[in-house]
Amino acid sequence: MPGRLFPVGGPVSEKDIVDREDFIASLEARLADGQSIMLAGPRRIGKTSIAYEVLRRLKERGFYTSSVDFFRLSDKREFAFSLINACLENRTGVRRTLEALKDRAKSVAGLAKLTVKFSDLEFSVDFLRDDLDENALLEYALDLAEILANRDSKNMVVLFDEFQDASRVAGHSDIYKRMRSHFQNHKSVSYLFLGSKEGMMNSLFGNRREAFYRFAVVLPIPPIPEDSWRMYISQKFKEQHIKADEKVIREILQKTGGHPQDTMLVCSEIYYALLETGEKTVTLEYVRLGYDRALLTLAQVYDEILDEIGQRACAREVLKRIAAGDRIYSKKDNPNEVKRALDFLITKAIIEKNGRGSYKFVEPMFREYILREL
Ligand SMILES: Nc1ncnc2c1ncn2[C@@H]1O[C@H](COP(=O)(O)OP(=O)(O)OP(=O)(O)O)[C@@H](O)[C@H]1O
Ligand SMILES: [Mg+2]
């Protein structure tokens, strides 16, 4: 079955990554050179897609690569397991080496074989015991990339996705100190840190008192230029013998603001609407239809964000005013509270400053949702 014409949800592969070539090449060169990098950016703008593509290229060049996604983890033991597995996969080609070993360790012969395979990595079969102290396991995990890279005479790149979640996973923010104390001694490994909570990431890497201060180069993720989107969208429709002229593509981009996932989603909904009717031309009517359908599928995401900010005094109210273009400060509220709400919405990457005293939505479709629903 062919993949989706406009892929949505989760990282996309090289051919659908619009205009990140220079950025990807630069990340690849820096990481290959041993530099560690931090990228922070709002939700669904393509961080993971970029990182996976960089890792894929490095792997092709012979680098060892590993990735750990903190979003999927719930405690220290899982973190340690995930990191160990991600490292060992380079040698074994097996995704969940530890689980596979556990299975084999049930037989004496299997156990003997396995200790031989990893004896040069200071690997102990004790790591497979359920009652092992998770801190001991983590100590091992945090140095494994360096040990492995050195034993196999490789350079290695390790990706940590949603890095700001490490403190939740470990149950304590000391985890950052602990990680840094290991990573800073690594000579053969460079690290790529991604995070969707920009405020936390910037503070972790940019604040003198924080553990990862100056550990990595912080790079901004460039926006995707409108021209690149236009070429990509028109090409994609053309492949399916669908006409989409410049006017309708401009309309799509104007409505989505070029937000990566929102733009993909609107295009995808337009495509399905055309499939339903069998028509072969994107008209403004189809753009409206695709947009409305996309907004419906985004409702769940937006409701979650609204729930989250609803707990903050006046944040919702302030957001509504920005959406409607009303005055942000009103006589009836406490100005400090409004200021705090604005800062909060900025750290959540929902709005951004647009000049003095003016703010705009990072995601124009979220603005539209608020206008329609609240
Ligand atoms: N460069 C790009 N070109 C086209 N579409 C993109 C691009 N980057 C991201 N997208 C779209 O955004 C979606 C999300 O991408 P990805 O998972 O890489 O983003 P993310 O920033 O890691 O998101 P999250 O905050 O959810 O982790 C993709 O499925 C795709 O539809
Ligand atoms: Mg991601």
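From a predicted model like this one, the values you see are computed outputs, not experimental measurements. (Residues numbered from 1 in each chain as written. Chains lettered and ligands numbered in written order. Predicted model: local features only at pLDDT ≥ 70, side-chain atom pairs only at ≥ 80, totals over all residues. Heavy atoms only, no water.)

**Student:** Outline the site of ligand 1, listing residues and values.
**Tutor:** Taken together, 23 residues surround ligand 1, and among them Gly10, Arg43, Lys47, Thr48 and Ser49 come closest. Within the backbone of Val18, a nitrogen or oxygen atom sits 2.8 Å from a nitrogen atom of ligand 1. Side-chain polar atom of Thr48 to an oxygen atom of ligand 1: 2.7 Å apart, as the coordinates give it. Contact with the protein chains removes 94% of the 630 Å² of surface that ligand 1 exposes when unbound. (Near = heavy atom within 4 Å. Polar contact = N/O pair within 3.5 Å; in protein donor to acceptor, adjacent residues only side chain to side chain. Areas by Shrake-Rupley, 256 points an atom, 1.4 Å probe, with all protein chains shown as cover.)

**Student:** Tell me about the sheet that holds strand E4 (residues 189-195), residues and numbers included.
**Tutor:** A sheet is described by the order of its strands in space; here five strands give the open sequence E2-E3-E4-E1-E5, paired in parallel fashion. Looking along the sheet, the strands with just one partner apiece sit at the ends: strand E2 (64-69) and strand E5 (217-219). The average undirected angle you get between the axes of adjacent strands in this sheet is 20°. Here strand E1 (residues 37-40) runs beside E4; their pairing, made up of four bridges, is parallel. Bridge pairing in E4 links Ile37 to Leu192. Contacts from helix H3 (residues 76-92) reach E2 and strand E3 (156-161) within the one sheet, and its direction differs from that of E2 by about 160°. (Pairing = 2+ DSSP bridges. Helix = DSSP H or I, 4+ residues; strand = E, 2+ residues; numbered from the N terminus. Axes fitted to C-alpha atoms, helices over the stretch in contact; angles between N-to-C directions. Contact = heavy atoms within 4.5 Å.)

**Student:** Give a description of the side chain of Lys76 that names residues and reports values.
**Tutor:** Within the secondary structure, Lys76 sits in helix H3. Glu134 provides the closest opposite charge to the buried, unpaired Lys76, separated from it by 4.5 Å. At 3.1 Å, the side chain of Lys76 and the side chain of Asn135 are in polar contact. When neighbours within four sequence positions are excluded, Lys76 is seen to be in contact with Glu134, Asn135, Leu138, Val169, Ala170 and Arg178. (Buried < 20%, exposed > 50% of the residue type's maximum accessible area, 1.4 Å probe, protein only. Lys, Arg positive; Asp, Glu negative; His and termini not counted. Salt bridge = Lys/Arg side-chain N within 4 Å of Asp/Glu carboxyl O.)

**Student:** For the pattern of salt bridges, give the residues involved together with the corresponding values.
**Tutor:** If you walk through the whole model with that rule in mind, you get 35 salt bridges. Between Arg293 and Glu276 there is a salt bridge, with the nearest N and O atoms lying 3.2 Å from each other. Within this pair, whereas Arg293 is found in helix H13 (residues 284-310), its partner Glu276 is found in helix H12 (residues 260-277), the two being separated by 17 residues in sequence. Given the relative accessible area of 24%, Arg293 is considered partly exposed. Glu276 sits in the exposed class, given a relative accessible area of 58%. A single network of salt bridges, built from pairs that share partners, joins Glu14, Glu21, Glu53, Arg56, Arg57 and Glu60.

**Student:** I'd like to hear about the packing of aromatic side chains, residue by residue, with values.
**Tutor:** Inspection of every chain in the model, using the stated rule, returns 32 aromatic pairs. Where Phe70 meets Phe79, the ring centres are 4.7 Å apart and the plane angle is 55°; that geometry is what we call tilted. Both residues of the pair, Phe70 and Phe79, belong to the buried class. Where Phe205 meets Phe212, the ring centres are 5.4 Å apart and the plane angle is 40°; that geometry is what we call tilted. A network of ring pairs unites the aromatic residues Phe70, Phe79, Phe160, Phe163, Tyr176, Phe183, Tyr191, Phe193, Phe205, Phe212 and Phe215 as a single cluster. Across from the ring centre of Tyr291, 4.4 Å away, lies the NZ or CZ of Lys255, which sits over that ring. (Phe/Tyr/Trp six-rings, centres within 6.5 Å; stacked < 30°, edge-to-face > 60°. Lys NZ or Arg CZ within 6 Å of the ring centre and 35° of its normal.)

**Student:** Mind laying out helix H6 (residues 134-151), listing which residues take part and the relevant values?
**Tutor:** Look at H6: 25 Å from first C-alpha to last across 18 residues, which is about the 26 Å you get at 1.5 Å a residue. Within the span of H6, buried status applies to Leu137, Leu138, Tyr140, Ala141, Leu142, Leu144, Ala145, Glu146, Ile147, Leu148 and Ala149. Looking at the buried side of H6, the elements it contacts are E2, H3, E3, helix H8 (174-183) and E4. Of the residues trailing H6, Ser153 is marked for its positive phi of about 50°. (Expected span 1.5 Å × (residues − 1).)

**Student:** Got a sec to walk through the domain arrangement of the protein chain? Specific residues and values, please.
**Tutor:** Where interface size is given, it is often the accessible area lost as the parts come together that is meant. Segmenting the protein chain into domains produces domain 1 (20-219) and domain 2 (226-373). On a C-alpha basis, the centroid separation for the pair domain 1 and domain 2 is 34 Å. The interface is formed by eight residues belonging to domain 1 together with twelve residues belonging to domain 2. In terms of surface lost to domain 2, no three residues of domain 1 exceed Pro42, Arg44 and Ile45, which account for 71% of the buried area on that side. Between Arg44 and Glu363 there is a salt bridge, with its nearest N and O atoms 3.2 Å apart. (Domains from an automatic or database assignment. Buried area = accessible area lost by both parts, 1.4 Å probe.)

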